[in-house]
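Descriptive structure summary
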Protein chains: 2
Amino acid sequence: MVTLRQLRYFETLARTKHFGMAADQCAVTQPALSMQIKELERELGVELVERRGGTIAVTPAGQEIAARAEAILGQVRELSDYARQHQGVLTGSLRLGIIPSIAPYLLPEILTEVTKRYPQLDLQIRETQTSPLLEELIRGELDAVLVALPVEPPQLEAMPLFEDRFLIAVQSQAAPDWSKSDLRTRIGQERLLLLEEGHCLRDQALQFCQIANMQARRALGAASLTTIMQMVAAGHGITLLPELCARTEVDRKRVALIAFPEEPPRRIVGLAWRRSSARQSDFTALGQLIKSLRREAVGEGQPANV
Amino acid sequence: MVTLRQLRYFETLARTKHFGMAADQCAVTQPALSMQIKELERELGVELVERRGGTIAVTPAGQEIAARAEAILGQVRELSDYARQHQGVLTGSLRLGIIPSIAPYLLPEILTEVTKRYPQLDLQIRETQTSPLLEELIRGELDAVLVALPVEPPQLEAMPLFEDRFLIAVQSQAAPDWSKSDLRTRIGQERLLLLEEGHCLRDQALQFCQIANMQARRALGAASLTTIMQMVAAGHGITLLPELCARTEVDRKRVALIAFPEEPPRRIVGLAWRRSSARQSDFTALGQLIKSLRREAVGEGQPANV
DNA sequence: ACCATACGATCAGAATATCTGATCGCTCTT
DNA sequence: AAGAGCGATCAGATATTCTGATCGTATGGT
């Protein structure tokens, strides 16, 4: 008799193409996974993976079966989600992914508020860049993600939460030198500091500046905004900084923030989830909670112009 | 962690609304089933069934979850079927339903032929009337059914196999008395013997005779064609007999068969299965096999006219 | 050619999960 | 008030699944 356990293990194996890694992801030892895979093969009477020294290949039949298994596992997840709805909103566990340019600035407040208002909720956080987050979301390893919109995959649905304007961060001493009138031209003349490849923030900044700053690409990617801000403070360049990050990252003595006078470049921060998920009400509740946080926050900490 | 076992048990329970029966159907004892249901409820955090003395009720959440479970189980079945295709046609086990007016006459040959040509196939037979067969087919308890076409449910697909003409069976002594010219009128004057409610044969005969024989409904239903033929032989009435059954059921000394001169009433015998099943090639192979049997059989045993 | 390494298979024993059969307690019927 | 039917519960048996150690093989570097 086929079991869900077998399907779970096999789906992971088909994805990783590696017994050891798959076993890790399933949180069991490699022999345990091997045995279940073998049992599934015996059960179905089909060779699912070809074991060749060093590496393995998923057979064509295996591919198809992995796809079906994935669909089945998805439906089981939705069944559980549906059930969870019946014990009230935002209860049980919710796996939330957040991108690095949001997590540190919003997460503490989110956690405080969630603990206060939804003590039943066990919020599990994963912080990484947008594309792995979306993959994991689609695979069902995450329930929702907090990212910059839009999100492309059609099986996802998103709720915009707030607008996050970009400011220009420059070394304080240099600030008086910046006139608001020709910001864009001026940017083109500076060295633009950006995060490393893969961060959506980098892409957004590049997109905005592509006309203005053709030499931006030579800027090597930094691993964190903190690094970048230290470099700005030391006068090694400028950067585009989301308002959200400003309060935390900016040392007012050493760095000045310049707002765009009109039509500021901005990102939309939103919550995304699988369209097929049965936890819609959880997500809208969580979205509302974050929205409300942000409104208060914006109210108290006004954007700092020069 | 939700298991397929839990879903299987619960789906059965939701259908039977009875722990004991569900346990029987699942081939386990009642405590085993109770425990799995309880575990599923704990897992999902939802009460799935209301236990009230004597009887139980499936909660609304339970209904929805049972429906989802059913869908999931169906997909798992299809996954298995898909896999089975890969080890060649007509291997493994195949659960075939057959109606009583076909089974005794076709099954022996089918079994002989299947054993010869597909020794790998484990054919499990269920014999009952059309409507329970179709229900079980849709639920996935059967893989295919051999019935009179058409079959209505849209999720089923059917393959016509052969035409089975109806003959009139009368007591031998009375036979000379029948002129072919006005068969229909004549039928109206006789007592028509039919199977009990639920047999498609009864409905087909009634449909054909509805103009001719308005008093047919008073004929009490017999449980088997054998009973009916004994009564015909004893001169208690006449019946419409499918050609398929004639060789086996007719004692030529006591019963005569009269063929309709033109446009004989007939039934189409066919094989039906779930459209969603992944075993199409099994079914067409089985259909071909039955077709070929029938062609030979028709060739050797010509319909016996007066 | 030889060693080191990485990978998956295998095995024995331990830990879990699941099942059975007996029994209990409740509710409805008579 | 007694009996029948039903599901829950419990203890012990059984089957499944897991772990940790070990093995054999293929591969790549030297």
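It should be emphasised that the depicted structure is a prediction, and the values quoted were computed from it without experimental measurement.

What counts as what
- Residues numbered from 1 in each chain as written.
- Chains lettered and ligands numbered in written order.
- Predicted model: local features only at pLDDT ≥ 70, side-chain atom pairs only at ≥ 80, totals over all residues.
- Heavy atoms only, no water.
- Helix = DSSP H or I, 4+ residues; strand = E, 2+ residues; numbered from the N terminus.
- Buried < 20%, exposed > 50% of the residue type's maximum accessible area, 1.4 Å probe, protein only.
- Contact = heavy atoms within 4.5 Å.
- Near = heavy atom within 4 Å.
- Polar contact = N/O pair within 3.5 Å; in protein donor to acceptor, adjacent residues only side chain to side chain.
- Nonpolar A, V, L, I, M, F, W, Y, C, P; charged D, E, K, R; others polar.
- Buried area = accessible area lost by both parts, 1.4 Å probe.
- Salt bridge = Lys/Arg side-chain N within 4 Å of Asp/Glu carboxyl O.
- Domains from an automatic or database assignment.
- Least-squares fit on C-alpha atoms with pLDDT ≥ 70 in both.
- Arc of directions from axis to C-beta.
- Pairing = 2+ DSSP bridges.
- Right-handed = clockwise from strand over helix to strand, strands pointing away.

Turning to the overall build of chain A, a few remarks are in order. Counting its regular elements, chain A contains eleven helices and eleven strands. Taken along the three principal axes of its C-alpha coordinates, chain A extends 75 × 50 × 30 Å. The buried share among the 306 residues of chain A stands at 54%. Contacts in chain A between residues at least 24 apart in sequence constitute 75% of all its contacts with a sequence separation of at least 6.

Attention now goes to the protein's contact with DNA strand D. Residues in close proximity to DNA strand D total 19 residues, the closest being A:Tyr9, A:Thr29, B:Ser34, B:Lys38 and B:Arg51. In the environment of DNA strand D, a phosphate oxygen lies 2.7 Å from a nitrogen or oxygen atom belonging to the backbone of A:Thr29. Interatomic distance of 2.4 Å between a side-chain N/O atom of B:Arg51 and a phosphate oxygen of DNA strand D. Among the elements of the structure, α1 (4–16) and α3 (30–44) of chain A together with α2 (19–25) and α3 (30–44) of chain B are those that each provide at least two residues to the surface near DNA strand D. Looking at the surface near DNA strand D, its residues break down into eight nonpolar, eight polar and three charged.

Attention now goes to the interface of chain A and chain B. Tallying the contact residues gives 26 residues for chain A and 26 residues for chain B. The contact between chain A and chain B buries some 2,300 Å² in all, and 69% of this surface belongs to carbon and sulfur atoms. It is A:Arg68, A:Leu79 and A:Tyr82 in chain A that bury the most area against chain B; as a group they hold 25% of the surface buried on that side. The interface formed by chain A and chain B holds zero salt bridges in total. At the boundary of chain A and chain B, one finds four residue pairs in polar contact (both at pLDDT 80 or more). The set of elements that each furnish at least two residues to the side of chain A that touches chain B consists of α1 and α4 (60–85) of chain A. A breakdown of the residues in the side of chain A that touches chain B according to their chemical character gives 15 nonpolar, six polar and five charged.

Note that B:Gly198 resides in the loop between β7 (194–195) and α8 (200–209). Each C-alpha atom of the pair B:Gly198 and B:Arg267 lies 16 Å from the other, and the pair is 69 residues apart in sequence.

Cis rather than trans, the peptide bond between A:Leu149 and A:Pro150 has omega equal to 0°. In this structure, A:Pro150 sits in the loop between β5 (144–149) and β6 (156–171). Not every positive phi belongs to a glycine, and A:Lys17 is a case in point at roughly 55°. Here A:Lys17 lies in the loop between α1 and α2 (19–25). What makes A:Lys17 partly exposed here is its relative accessible area of 41%. You will see that B:Leu90, though not glycine, has its phi angle at about 50°, which is positive. Among the structural elements, B:Leu90 can be located in the loop between α4 (60–85) and β3 (92–98).

Below, the discussion takes up the protein's contact with DNA strand C. A:Ser34, A:Lys38, A:Arg51, B:Tyr9 and B:Thr29 are the nearest of the 19 residues found near DNA strand C. Near the protein, meaning within 4 Å, the atoms of DNA strand C are sugar or phosphate in a fraction of 73%, with bases accounting for the rest. The side chain of A:Lys38 places a nitrogen or oxygen atom 2.3 Å from a phosphate oxygen of DNA strand C. Interatomic distance of 2.4 Å between a side-chain N/O atom of A:Arg51 and a phosphate oxygen of DNA strand C.

So, on to the domain arrangement of chain A. Interfaces are often sized by the accessible area lost when the parts come together. Residues and elements named next belong to chain A. Taken domain by domain, chain A consists of domain 1 (4–84), domain 2 (88–162 + 267–300) and domain 3 (165–266). Here domain 1 and domain 2 have C-alpha centroids that lie 29 Å from each other. Counting residues at the interface gives eight residues for domain 1 and 13 residues for domain 2. Here domain 1 packs against domain 2, burying approximately 860 Å² in sum over the two surfaces, 40% of which is carbon and sulfur. Counting across the domain 1 and domain 2 interface gives one salt bridge. One salt bridge in this structure joins arginine 15 and glutamate 141, with 3.5 Å as the shortest N-O distance.

We now examine the relation of the copies chain A and chain B. Its rotation angle being 180°, the transformation that places chain A on chain B also includes 0.0 Å of axial translation and leaves an RMSD of 0.1 Å. The relationship between the two copies is best expressed as a two-fold rotation axis. Taken as a fraction of all interface residues of chain A, those also at the interface in chain B reach 100%, which identifies the copy contact as same-surface.

Here we come to helix α9 (residues 225–233) of chain A. Residues and elements named next belong to chain A. Restricting attention to buried positions, one finds in α9 the residues Leu225, Ile228, Met229, Val232 and Ala233. Axial view of α9: buried residues confined to an arc of 140°, hence all on one face. Positioned one or two residues after α9, glycine 235 has a phi angle of 85°, which is positive.

Our focus in this paragraph is the pairing of strand β4 (residues 121–127) of chain A. All names here are of chain A. As paired strands, strand β3 (residues 92–98) and β4 are joined by seven bridges and run parallel to one another. Counted as the bridge partner of arginine 95 is glutamine 124 from β4. Taking the sense of rotation as the criterion, the β-α-β connection linking β3, helix α5 (residues 103–117) and β4 turns out right-handed.

This structure, assessed with the given rule, holds 32 salt bridges over all chains. Of the charged contacts in the structure, one is a salt bridge between A:Arg126 and A:Glu136, with a shortest N-O distance of 2.6 Å. In this pair, A:Arg126 is assigned in strand β4 and A:Glu136 in helix α6 (residues 130–139), connecting sequence segments ten residues apart. Residues B:Lys116 and B:Glu113 are paired through a salt bridge, measuring 3.5 Å at the closest nitrogen-oxygen approach. Placement of both B:Lys116 and B:Glu113 in helix α5 (residues 103–117) is noted, with a separation of three residues, approximately one turn of the helix. Under the relative-accessibility criterion, B:Glu113 is labelled buried at 16%. Each of A:Glu11, A:Arg15, A:Arg139 and A:Glu141 takes part in one network of salt bridges that share partners.

All right, on to the environment of B:Leu106 then. Residue and element names in this part refer to chain B. In this fold, leucine 106 is placed in helix α5. Each C-alpha atom of the pair leucine 106 and alanine 22 lies 33 Å from the other, and the pair is 84 residues apart in sequence. Other than its neighbours up to four places away in sequence, leucine 106 contacts Leu146, Phe162, Leu244 and Ile290.

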